[in-house]
Amino acid sequence: MAKTQPAVGKQALGSAASTNRFIRDFRINKYLYLMMIPVVAYYLIFHYAPMYGALIAFKEYSPMKGILGSDWVGLKHFQDFFNSYYFWRILKNTIVISLYSLIFEFPAPIILALLINEVRSKSFKRVAQTITYMPYFISLVVICGIITDFTNADGIINTLFTYFGYDGQAMLQKPELFRPIYILSEIWQRIGWESIIYIAALMSIDVEQYEAARMDGASRLKQMFYITLPGILPTISIMLILRMGNLLNVGFEKIILLYNPITYETADVISSFVYRKGLLEFGWSYSSAVGLFNSVINLALLVTANYVSRKVNKNSLW
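Residues numbered from 1 in each chain as written. Predicted model: local features only at pLDDT ≥ 70, side-chain atom pairs only at ≥ 80, totals over all residues. Heavy atoms only, no water.

Before going further, it helps to examine the domain arrangement of the protein. The domain boundaries assigned to the protein delineate domain 1 (23–72) and domain 2 (78–143 + 185–313). Its C-alpha centre places domain 1 at a distance of 26 Å from the equivalent point of domain 2. Listed per partner, the contact involves seven residues of domain 1 and six residues of domain 2. Both faces combined, the contact of domain 1 with domain 2 buries some 550 Å², and carbon together with sulfur accounts for 75% of it. On the domain 1 side of the contact with domain 2, I56, A57 and Y61 bury the most area, a combined 60% of that side's loss. Connecting domain 1 to domain 2 are zero salt bridges. One can count three residue pairs in polar contact (both at pLDDT 80 or more) joining domain 1 with domain 2. Residues that form the side of domain 1 that touches domain 2 fall into these classes: five nonpolar, no polar and two charged. (Domains from an automatic or database assignment. Contact = heavy atoms within 4.5 Å. Buried area = accessible area lost by both parts, 1.4 Å probe. Salt bridge = Lys/Arg side-chain N within 4 Å of Asp/Glu carboxyl O. Polar contact = N/O pair within 3.5 Å; in protein donor to acceptor, adjacent residues only side chain to side chain. Nonpolar A, V, L, I, M, F, W, Y, C, P; charged D, E, K, R; others polar.)

This is the structure in structure tokens:
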């Protein structure tokens, strides 16, 4: 007992010192802490508190009995999902669309930021940024309406293709065209908005590095590869880790607005499946089990990506 007392005393002193540091820091930055309260409250109310409802994934939920009063069924809903006809189809579609998004959509804002950074005309920069930002602020319902109208049999895209001998058909009625349309529209809608953080990172690079490179005879292309890209690599790493954590969270709102039973074969993903089962077919417990499975996979991808990034380039979230 005598040997453990010094350790306990050190822990108490360490705890008191930490408390004092927090109080001192709060007094200095009290307005920053106050500004943080709405953000913390948002995540506690809308992200952490609803996690209590994940219990229904292990129960046969009944609104009359409530979450705690519903019968416990364990892993029954998970087993039903893994053994269902739709499991491999929606898992494949989710992975394929997510990988397409990672390969084609993720680099797009980086490339746009690099191109804008190379433009010397400030007025052209502002115009280009404004034009690329605009689609992000348009309602998703309007965006999907535009996509549907443009890809109809008599839409502007099919009208243009008819000049090249293509027999115009509604593109969203073809399962093989759904994924390209979805990815291209995602790039068009998000490229400008997502480039903001990379443009901000570019602004933090020391201009003297470019001046020294020019004096050494480095071309603008070499400056991009040896100064610009390494300068924004930490930002790219963090954004990639965050993207990996949401890799399987394909936006179900856009999927639901664009797909139809004909394109379920290539368009139906985990989130849209959860929507149909949970809200349209009232399978609350089953859909919660599917959603929980998706969240666990995303968490595993996030932890793995963070670990790999920390080992490879020393950049990580934690």
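Here the narrative resumes, following the displayed structure.
On to the pattern of salt bridges. In total, this model carries eleven salt bridges according to the counting rule given. With a shortest N-O distance of 3.1 Å, E186 and K254 are connected by a salt bridge. Placement of the pair is E186 in helix α10 (residues 175–203) and K254 in helix α13 (residues 252–258), with a sequence separation of 68 residues. The same class applies to E186 and to K254, which are both buried. Ionic contacts of the salt-bridge type, sharing partners, join the residues E105, R190, E194 and R243 into one network. (Helix = DSSP H or I, 4+ residues; strand = E, 2+ residues; numbered from the N terminus. Buried < 20%, exposed > 50% of the residue type's maximum accessible area, 1.4 Å probe, protein only.)

With respect to the helices, strands and loops of the structure, T151 is situated in helix α8 (residues 140–151). The class for T151 is buried, based on a relative accessible area of 4%. If near-sequence neighbours (up to four positions away) are discounted, T151 is found in contact with I157, N158, Q169, A170, M171, L172 and I181.

Residue position: N298 is located in helix α16 (residues 284–313). Given the relative accessible area of 4%, N298 is considered buried. Ignoring any residue separated from it by four or fewer positions in sequence, one finds N298 in contact with M244, G245, N246, L247, L248 and N249.

For the rest of this paragraph, the subject is helix α11 (residues 207–215). Two to three positions downstream of the cap, the backbone nitrogen of E208 sits 3.1 Å from a side-chain oxygen, assigning the N-cap of α11 to D206. Positive backbone phi, at 90°, marks G217, one or two positions downstream of α11.

This next bit is on the environment of R276. On the secondary structure map, R276 appears in helix α15 (residues 270–280). The exposure class assigned to R276 is buried, which follows from its relative accessible area of 11%. Note: C-alpha distance between R276 and D154 (122 residues apart in sequence) is 30 Å. Sequence-distant contacts of R276, defined by excluding residues within four places in its chain, comprise R89, Y259, Y264, D268 and E281.

All told, the structure shown has 25 aromatic pairs when counted by the stated rule. Note on F82 and F293: the rings are 5.5 Å apart at their centroids and 75° apart in plane angle, and the pair reads as edge-to-face. Of the two residues, F82 sits in helix α4 (residues 76–82) while F293 sits in helix α16, which places them 211 residues apart along the sequence. Owing to a relative accessible area of 37%, F82 belongs among the partly exposed residues under this scheme. Using a relative accessible area of 15% as the deciding quantity, one classes F293 as buried. (Phe/Tyr/Trp six-rings, centres within 6.5 Å; stacked < 30°, edge-to-face > 60°.)

By size, the foremost hydrophobic cluster in this structure holds 41 residues, and its most contacted members are I97, I110, F178, Y182, I232 and I255. Looking at this core, the elements with two or more residues in it are α5 (87–105), α6 (107–118), α8, α10, α11, α12 (220–245) and α13. Among the elements that take part in this core, α10 stands out by supplying ten residues, more than any other. Not counting residues within four places of it along the chain, the set of residues in contact with Y182 comprises I97, V250, G251, K254 and I255. Core analysis: the second largest hydrophobic core is formed by twelve residues, I90, L91, I270 and F273 among them. (Core = buried A, V, L, I, M, F, W, Y, C linked by side-chain atoms within 4.5 Å.)

A contiguous nonpolar surface patch, about 1000 Å² in accessible area, is contributed by M36, V39, V40, Y42, Y43, L44, I45, F46, Y48 and M51. Position of M36 among the secondary structure elements: in helix α2 (residues 30–48). Take M36: its relative accessible area is 42%, and that puts it in the partly exposed class. (Patch = residues over 30% accessible without salt bridge, like charges linked within 9 Å, V, L, I, M, F, W, Y side chains within 5 Å. Areas by Shrake-Rupley, 256 points an atom, 1.4 Å probe, with all protein chains shown as cover.)

Interaxial distance between α6 and α12 falls to 12 Å at its minimum, and their mutual angle equals 130°. For the element pair α6 / α12, the angle class is oblique. The chirality of how α6 crosses α12 is right-handed. Residues I110, L114, N117 and E118 of α6 form the contact with α12, whose participating residues are R220, M224, T228, L229, I232 and I236. The residue inventory of the contact of α6 with α12, partitioned by class, reads six nonpolar, two polar and two charged. (Axes fitted to C-alpha atoms, helices over the stretch in contact; angles between N-to-C directions. Parallel < 35°, antiparallel > 145°, perpendicular 65-115°, else oblique. Left-handed = near helix turned anticlockwise from the far one by under 90°.)

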